[in-house]
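# Descriptive analysis of the structure
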Amino acid sequence: MDQKPESLSGRISDAVALLAGKHTVRCPEPGCRVSVRYRAVTLAEAKRLTDVATDHTRH
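Okay, so let's go over this structure. (Residues numbered from 1 in each chain as written. Predicted model: local features only at pLDDT ≥ 70, side-chain atom pairs only at ≥ 80, totals over all residues. Heavy atoms only, no water.)

Moving on to the overall build of the protein. Of the regular secondary structure elements, the protein holds two helices and two strands. Mapped from its N terminus to its C terminus, the protein presents α and β elements in the order α-β-β-α. Residues classed as buried in the protein amount to 27% of the 59 residues present. Expressed as a percentage of contacts within the protein between residues at least 6 apart in sequence, the contacts between residues at least 24 apart total 34%. (Helix = DSSP H or I, 4+ residues; strand = E, 2+ residues; numbered from the N terminus. Buried < 20%, exposed > 50% of the residue type's maximum accessible area, 1.4 Å probe, protein only. Contact = heavy atoms within 4.5 Å.)

Covered by surrounding structure in strand β2 (residues 35-38) are Val36 and Tyr38 only, the residues Ser35 and Arg37 on the alternate face being uncovered. Inspection of the sheet shows strand β1 (residues 23-26) paired to β2 by four bridges, in the antiparallel sense. In the strand pairing of β2, Val25 is matched with Val36. (Pairing = 2+ DSSP bridges.)

Let us now look at the nonpolar core. The biggest cluster of nonpolar side chains holds six residues, and these are Val25, Val36, Tyr38, Ala46, Leu49 and Ala53. Elements represented by at least two residues in this core include exactly β2 and α2 (43-54). Per-element accounting of this core gives the leading share, three residues, to α2. Non-local contacts of Ala53, meaning those with residues more than four positions away in its chain, are made with Val25, Arg26, Cys27, Pro28, Val36 and His59. (Core = buried A, V, L, I, M, F, W, Y, C linked by side-chain atoms within 4.5 Å.)

The structure is reproduced here in structure tokens:
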């Protein structure tokens, strides 16, 4: 459920993070700039972080 970053610098940052083994999850709400980046977490923690990032009412 990753969303594309709006800027070129955001895209580059996400690409570098992906190469480093990190995952980026962005809020799907238009105009919201919240994102969560994680690496080496359990599946349960990855789900929790994804839920926080994608639920606009929580941030």
